[in-house]
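The primary structure of each chain is shown beneath.
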Amino acid sequence: MKKEGQKHPNIILIVIDALRARNLGCYGGETNSSPNIDELAKGGIQFANCYACWNTTDQSLTSIFSGRYPRTHGIVHHGDKVTPEDLMTFRKLNGKLLAEMLKEKGFKTYAVDWMGRWFKRGFDFYGYERDKNIWQKFFYIVFTLPYVHLRYMAANISLLRIYSKKRKTSISSMWKGLKGVWNTFRFTFELARVQDADYVTKLAQKLIDDIKDDNFFLFLHYWDTHTPYNCPKKHMDRDKPRRGSIDIIASKYNGAVNYVDKCIGDLLTTLKNHKILEDTLIIITSDHGESLTEHEMFFDHHGLYEVTTHVPLIVFHPKLFSRPKKIQGLIQHVDLVPTVCDYLGINDKDLVCDGTSMRSLISGDREDIRDFAFFEESYVQRKIGLRNKTHKYIYAPDGIGMCNYCQKVHAGVEELYDLERDPEEMNNVVSENRIMATQMRAKLDEVIQKLNSKKQQLLEKKDVTKANLEDLQDLADQKKIKKKLRSLGYMD
Ligand SMILES: [Zn+2]
Ligand SMILES: [Zn+2]
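Residues numbered from 1 in each chain as written. Chains lettered and ligands numbered in written order. Predicted model: local features only at pLDDT ≥ 70, side-chain atom pairs only at ≥ 80, totals over all residues. Heavy atoms only, no water.

A. Spotlight on the packing of aromatic side chains. Applying the stated criterion across every chain yields a total of 18 aromatic pairs. Between Tyr126 and Phe219 the ring centres are 6.4 Å apart and the planes differ by 50°, which places this aromatic pair in the tilted class. Linking Tyr126 in strand E4 (residues 125-127) with Phe219 in strand E5 (residues 216-222), this pair joins segments that are 93 residues apart in sequence. Here Tyr126 falls in the buried class, since its relative accessible area comes to 16%. Clustering of aromatic rings is evident, with ring pairs tying together Phe65, Phe90, Trp118, Phe119, Phe123, Tyr126, Phe217 and Phe219. Seen from the ring of Tyr343, Arg359 lies directly overhead, with NZ or CZ sitting 4.4 Å from the centre. (Phe/Tyr/Trp six-rings, centres within 6.5 Å; stacked < 30°, edge-to-face > 60°. Helix = DSSP H or I, 4+ residues; strand = E, 2+ residues; numbered from the N terminus. Buried < 20%, exposed > 50% of the residue type's maximum accessible area, 1.4 Å probe, protein only. Lys NZ or Arg CZ within 6 Å of the ring centre and 35° of its normal.)

As structure tokens, this is what we get:
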């Protein structure tokens, strides 16, 4: 129920890490893993063709929060590879983040996520521990955590079996692998604590109890669908026959989807009990997808293929969107912030986004707001790509496209896929359709050139001295961040 004097709806932004659109029932997923999310999609607006701007978390989340592509927000590396230059450029470009803007408009801004980073700008609370008394802490550490931790370790062992078979076993890669295993085990304790959907949800419910009488923005980051796919056994699909480790891991992934979905159901119940569901705008998306062996990428998110770049986007608010709809037009994460501002009637001069409001798509006035989606990657291989309505073009700007994760070149320097005839991107038709490849390459160059010159303009225009100093703190935290990221396998 809307409180007296409340100007805006509450907003809950849920990012489910590494969730592929195709594994949700509402996006055609085969298993019935996501009944609660499907129900929201049925009653809200579902975007059938939403694309991430980068395939790793740091760049992508920054795009979600800023409405800018990584080239114009400045963070073009991920995890332990984020450079001081990235952070300085981010400061100089001085993009305003969604939480900062909403806080200025009087929102209480809370987040449940372990990352922090520069995303914490604008949040009143950003973290995963709050108000636990000593007995609760004791109970959690002695009983809950070891159970989650064991589950987490078991998942890692299955992954390791796959990796040892699929990766080349030279002495140096074995050594790298062993170091990776050691770090992963070393930090699983911490990750078990922060990668558990139930924990995230319970803290979110507690926070909602605190802020339900205010106008609030709540950001929830679920990590269970990230490797090694955290999932209590009861959420795994038991009917499907499983042959070997790969099937078991894929089943765990779907189990993790189901686990997060169940927790989202619990969250919706809390909102209903507080009678605030009808005044809360719920946004569900993921920062990128995941390859579950497709294109010979075993349980990781690299490559610019559909499994990794096509993400779900569902918005739900029975009053704002009284007529449920499935929208086919291409959109990207950068379109999210302009849309929120449009619906809230916020016109912030400091907000310089690359995206476009999706309001005309939702109202039905337009069928398309963009004719392409643009994405990049840099963590284990350097690729840039563009998709239009019918085709996808991928290019390796270093002229090789070597993947440092799989120790191989996945496909040549240029790739072209006819997505209508070949939605799984199995046949590279770059030599058969040179005309389309040339056109898309020219468009790709044009998009990059436009973004680069926009970045230049922003750098010249902005008063750098006003840039937020919190990012310097992040520089100091790099060592701590590195430690955490190693456990996720993000390491040299
Ligand atoms: Zn991620
Ligand atoms: Zn690879």
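Still to come is the rest of the account.
B. Spatial organisation of the sheet that holds strand E14 (residues 391-395). One open sheet accounts for 4 strands, arranged E12-E13-E14-E17; its pairing is antiparallel. With one partner strand each, in any of the chains shown, strand E12 (373-377) and strand E17 (414-418) form the two edges of the open sheet. In this sheet, adjacent strand axes meet at a mean angle of 15° when their direction is disregarded. Along the sheet, helix H13 (residues 434-461) makes contact with E12, strand E13 (383-387), E14 and E17, crossing E14 at roughly 65°. (Pairing = 2+ DSSP bridges. Axes fitted to C-alpha atoms, helices over the stretch in contact; angles between N-to-C directions. Contact = heavy atoms within 4.5 Å.)

C. Seen up close, the coordination of the zinc ion (ligand 2). For the zinc ion (ligand 2), the protein coordination sphere consists of His302 (NE2), Cys403 (SG), Cys406 (SG) and His410 (NE2), at 2.0 to 2.4 Å. Its 4 donor atoms give the zinc ion (ligand 2) angles of 102 to 116° at the centre, a pattern that matches the tetrahedral case. Going along the chain, you hit the donors of the zinc ion (ligand 2) in the pattern H-x100-C-x2-C-x3-H. Taken as a pair, His302 in the loop between strand E8 (298-300) and helix H10 (306-309) and Cys406 in the loop between strand E15 (402-403) and strand E16 (408-409) lie far apart in primary sequence, 104 residues in all. On the basis of relative accessibility, which here comes to 2%, the residue His302 falls in the buried class. Residue classification places Cys406 among the buried residues on the basis of a relative accessible area of 13%. (Donors = N, O, S within 2.8 Å, 3.2 Å for Na, K, Ca; no water. Tetrahedral: all angles 85-135°; square planar, octahedral: opposite > 155°, others 65-115°.)

D. Looking closely at the environment of Asn230. Along the chain, the position of Asn230 falls in the loop between E5 and helix H9 (244-273). Considering only alpha carbons, one finds Asn230 and Gln195, 35 residues apart in sequence, at a separation of 7.4 Å. Excluding residues within four positions of it along the chain, Asn230 makes contact with Val148, Arg151, Gln195, Asp196, Asp224, Ala256 and Tyr259. Of the polar contacts made by the side chain of Asn230, one reaches the side chain of Asp196; its length is 3.4 Å. (Polar contact = N/O pair within 3.5 Å; in protein donor to acceptor, adjacent residues only side chain to side chain.)

E. Looking closely at the pairing of E13. Taking burial as the measure, the 5 residues of E13 include 5 buried ones, the bulk of the element. Every second residue of E13 is oriented toward a common face, with Lys383, Gly385 and Arg387 on one face and Ile384 and Leu386 on the other, all of them buried. Joining the antiparallel neighbours E12 and E13 is a turn of 5 residues. Two strands pair when backbone bridges link them, and E13 and E14 are joined in this way by 4 bridges, in the antiparallel orientation. Paired with Ile384 across the strands is Tyr395, a residue of E14. With antiparallel pairing between neighbouring strands as the criterion, E13 and E14 make up a hairpin whose turn holds 3 residues.

F. Molecular detail of the coordination of the zinc ion (ligand 1). The protein atoms donating to the zinc ion (ligand 1) are Asp17 (OD), Asp17 (OD), Thr57 (OG1), Asp287 (OD) and His288 (NE2), with metal-donor distances spanning 2.0 to 2.5 Å. Mapped onto the sequence, the residues coordinating the zinc ion (ligand 1) show the spacing D-x39-T-x229-D-H. One end of the pair, Asp17, is in the loop between strand E1 (10-16) and helix H1 (35-43); the other, His288, is in the loop between strand E6 (280-285) and strand E7 (291-292), with 271 residues separating them in the sequence. Judged by relative accessible area, which is 0%, Asp17 ranks as buried.

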